[in-house]
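Listed below are the residues making up each chain.
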Amino acid sequence: MQLPFFYIETYDASAKTIMLVEDTSRHVVSVLRMKEGEKLNLTDGKGNLITAEIINAHKKHCEVKIIDSQFTPQPTRKISISISLIKNSNRFEWFLEKATEIGVSEIIPLICERTEKQKFRYDRMKGICISAMLQSQQTWLPTLQEPVQFTKMTIDKYADYQKLIAHCEKANKQSIGDLQIGTSAHCLICIGPEGDFTKEEIEFTIQNNFTSVSLGETRLRTETAGVVAATLLKNT
């Protein structure tokens, strides 16, 4: 039987015990009704998997004793998805969940010229990523950036990445599945809003050494395109 799996913000490798935050304590003690002596797993989302035993089943300040700790290195290929916010926040949340389950390294919400206005609740969005990480039994949480204007992305940060843009313009595009990407090559892909990138935005990426790619024969919703791109890049 798998142990219950929870998230902690920080992990001190020299510590012998961990005090769980109130929300996690309540879930462990009041919802799952776990008691002293029972075991659970914890992760800080930075590769650490901690097995611990409950020593004080307090519903607000549950304390656990560390039994074992293992570290899993990050995948050799980092996949960053830069994707426009969309009007329907539920669909964007669905994308965050699936991208996390697939195992992307970074998600950069974009504000493009055709992006429709939407409130971005960072804490809620990060919480969705955390839940998806735990559900899929992973120990690496993708980095979720704050929304950024598309043409103000810090491109220099991705100098050693294979940089891609998926758009609907009839231009010379490669199929993403046909790209020759080494197993250790990092990738950044940009996904546009409903209505696509503007010609000026596409030109911006070309000037910054992006490769135009196709995700298939059909026109995809923004969130679907993000999931398809993540899946293809994980398997290319």
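Computed from a predicted model, the values in this text were never measured in an experiment. (Residues numbered from 1 in each chain as written. Predicted model: local features only at pLDDT ≥ 70, side-chain atom pairs only at ≥ 80, totals over all residues. Heavy atoms only, no water.)

Let us look at the overall build of the protein chain. Helices and strands together make up the secondary structure of the protein chain, namely five helices and 13 strands. On the principal axes, the C-alpha backbone points of the protein chain span a range of 65 × 35 × 30 Å. Within the protein chain, the proportion of its 236 residues that are buried is 45%. Here the analysis covers contacts within the protein chain between residues at least 6 apart in sequence; of these, 76% occur between residues at least 24 apart. Surface exposure of the protein chain reaches about 12,600 Å², of which carbon and sulfur atoms provide 47%. If you average the places of the 29 positive and of the 29 negative side-chain charges in the protein chain, the two averages end up 3 Å apart. (Helix = DSSP H or I, 4+ residues; strand = E, 2+ residues; numbered from the N terminus. Buried < 20%, exposed > 50% of the residue type's maximum accessible area, 1.4 Å probe, protein only. Contact = heavy atoms within 4.5 Å. Areas by Shrake-Rupley, 256 points an atom, 1.4 Å probe, with all protein chains shown as cover. Lys, Arg positive; Asp, Glu negative; His and termini not counted. Charge placed at Lys NZ, Arg CZ, Asp CG, Glu CD.)

Take helix α1 (residues 22–31) next. For α1, the complete set of buried residues consists of Thr 24, Ser 25, Val 28 and Val 29. The arc enclosing the buried residues of α1, seen along the axis, measures out at 110°, which places them on a common side. Seen from the buried face of α1, the exposed residues on the opposite side, beyond 90 degrees, are Asp 23 and Val 31. Where α1 terminates, the next one or two residues include Arg 33, which has phi positive at roughly 55°. (Arc of directions from axis to C-beta.)

Sheet topology note: the strand β2 (residues 17–19)/strand β5 (residues 63–71) ladder contains three bridges and is antiparallel. For Ile 18, the partnering residue across the bridge sits in β5 and is Val 64. Where strand β4 (residues 48–56) meets β5, eight bridges bridge the pair, whose relative direction is antiparallel. Considered in β5, the bridge of Ile 50 is made with Ser 69. Counting the residues between successive antiparallel strands, the hairpin from β4 to β5 contains six residues. (Pairing = 2+ DSSP bridges.)

Tracing the chain through its elements places Asn 41 in strand β3 (residues 39–43). When neighbours within four sequence positions are excluded, Asn 41 is seen to be in contact with Leu 3, Pro 4, Phe 5, Phe 6, Leu 49, Ile 50 and Thr 51.

Bringing the packing of helix α2 (residues 89–102) against helix α3 (residues 122–135) into the picture now. Where α2 meets α3, the closest approach of the two axes is 8 Å, and the angle between their N-to-C directions is 35°. Note that α2 runs across α3; the crossing there is right-handed. Taken together, the residues of α3 that come into contact with α2 (itself represented by Phe 92, Glu 93, Leu 96, Glu 97, Thr 100 and Glu 101) are Arg 124, Met 125, Ile 128, Cys 129, Ala 132, Met 133 and Gln 135. In terms of residue class, the contact of α2 with α3 is made up of seven nonpolar, two polar and four charged. (Axes fitted to C-alpha atoms, helices over the stretch in contact; angles between N-to-C directions. Left-handed = near helix turned anticlockwise from the far one by under 90°. Nonpolar A, V, L, I, M, F, W, Y, C, P; charged D, E, K, R; others polar.)

Further remarks concern the packing of aromatic side chains. Throughout the structure, instances matching the rule amount to seven aromatic pairs. Residues Tyr 158 and Tyr 161 carry aromatic rings whose centres are separated by 5.0 Å and whose planes lie at 90° to one another, so their mutual orientation is edge-to-face. Taken together, the ring pairs in this structure connect Phe 92, Phe 95, Phe 120 and Tyr 122 into an aromatic cluster. (Phe/Tyr/Trp six-rings, centres within 6.5 Å; stacked < 30°, edge-to-face > 60°.)

All right, on to the environment of Thr 205 then. Position of Thr 205 relative to the elements: it lies in helix α4 (residues 199–207). Measuring from C-alpha to C-alpha, the distance between Thr 205 and Gln 162 comes to 12 Å, with 43 residues separating the pair along the chain. The residues touching Thr 205, leaving out its near neighbours within four places in the chain, are Phe 150, Ile 165 and Phe 210.

So, about α2. Here α2 contains 14 residues, and its C-alpha end-to-end distance of 20 Å stays within 8% of the 20 Å for a straight helix at 1.5 Å per residue. Inspection of α2 places Arg 91, Phe 92, Glu 93, Phe 95, Leu 96, Ala 99 and Thr 100 among the buried residues, and these make up the whole buried set. Elements in contact with the buried residues of α2: β6 (79–84), β7 (106–111), α3, β8 (143–144) and α5 (222–234). Backbone geometry just downstream of α2 places Gly 103 in the positive-phi region, at approximately 110°. (Expected span 1.5 Å × (residues − 1).)

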